[in-house]
Amino acid sequence: MPDIKCSVTECHYNRNVMCDASMIQVARDAQLSNAKNSDQTKCETFKPKS
Ligand code: SF4
C-alpha cells in the first residue's frame, strides 16, 4: 500500500501520523451521491484506540 499520511492520531491504525493498516476504505459522506471536495469523503477503516 502507498504511504498514507493521516493526522487522526486517535485511530487504532495510526503510527507516527501515518496509516499502518494493510488497506483502507474511503467513501463519500452517506448523505451525498457525489462528493464535491475532500471534506465530503471519509475513511471508513477508522477504529478508535481501545
Ligand atoms: S485507518 Fe483511516 S483514520 Fe485510521 S490511520 Fe488509517 S487513514 Fe487514518
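See the structure printed just above.
Residues numbered from 1 in each chain as written. Predicted model: local features only at pLDDT ≥ 70, side-chain atom pairs only at ≥ 80, totals over all residues. Heavy atoms only, no water.

(A) Representation of the overall build of the protein. If you tally the helices and strands in the protein, you get zero helices and four strands. Traced from its N-terminal end to its C-terminal end, the protein shows the element sequence β-β-β-β. The buried share of the protein, taken over its 50 residues, is 8%. By sequence separation, contacts in the protein at least 24 residues apart represent 25% of the contacts at least 6 residues apart. By element, 47% of the accessible surface of the protein is carried by carbon and sulfur atoms, the whole surface being about 4,200 Å². Side-chain charges in the protein split into 7 positive and 6 negative, and the spacing between the mean points of these groups amounts to 2 Å. (Helix = DSSP H or I, 4+ residues; strand = E, 2+ residues; numbered from the N terminus. Buried < 20%, exposed > 50% of the residue type's maximum accessible area, 1.4 Å probe, protein only. Contact = heavy atoms within 4.5 Å. Areas by Shrake-Rupley, 256 points an atom, 1.4 Å probe, with all protein chains shown as cover. Lys, Arg positive; Asp, Glu negative; His and termini not counted. Charge placed at Lys NZ, Arg CZ, Asp CG, Glu CD.)

(B) Up close: the site of the ligand. Contacts to the ligand come from Cys 6, Cys 11, Tyr 13, Asn 14, Cys 19, Ile 24, Cys 43, Thr 45 and Phe 46. Its residues assigned to classes, the shell around the ligand comprises seven nonpolar, two polar and no charged. (Near = heavy atom within 4 Å. Nonpolar A, V, L, I, M, F, W, Y, C, P; charged D, E, K, R; others polar.)

(C) Focus on the side chain of Asn 14. As for its placement among the helices and strands, Asn 14 is situated in strand β1 (residues 14-15). For Asn 14, the side chain forms a polar contact with the main-chain oxygen of Val 8, separated by 3.3 Å. Here Val 17 takes part through its backbone nitrogen, which lies 3.1 Å from a polar atom of the side chain of Asn 14. If near-sequence neighbours (up to four positions away) are discounted, Asn 14 is found in contact with Cys 6, Ser 7, Val 8, Thr 9 and Lys 49. (Polar contact = N/O pair within 3.5 Å; in protein donor to acceptor, adjacent residues only side chain to side chain.)

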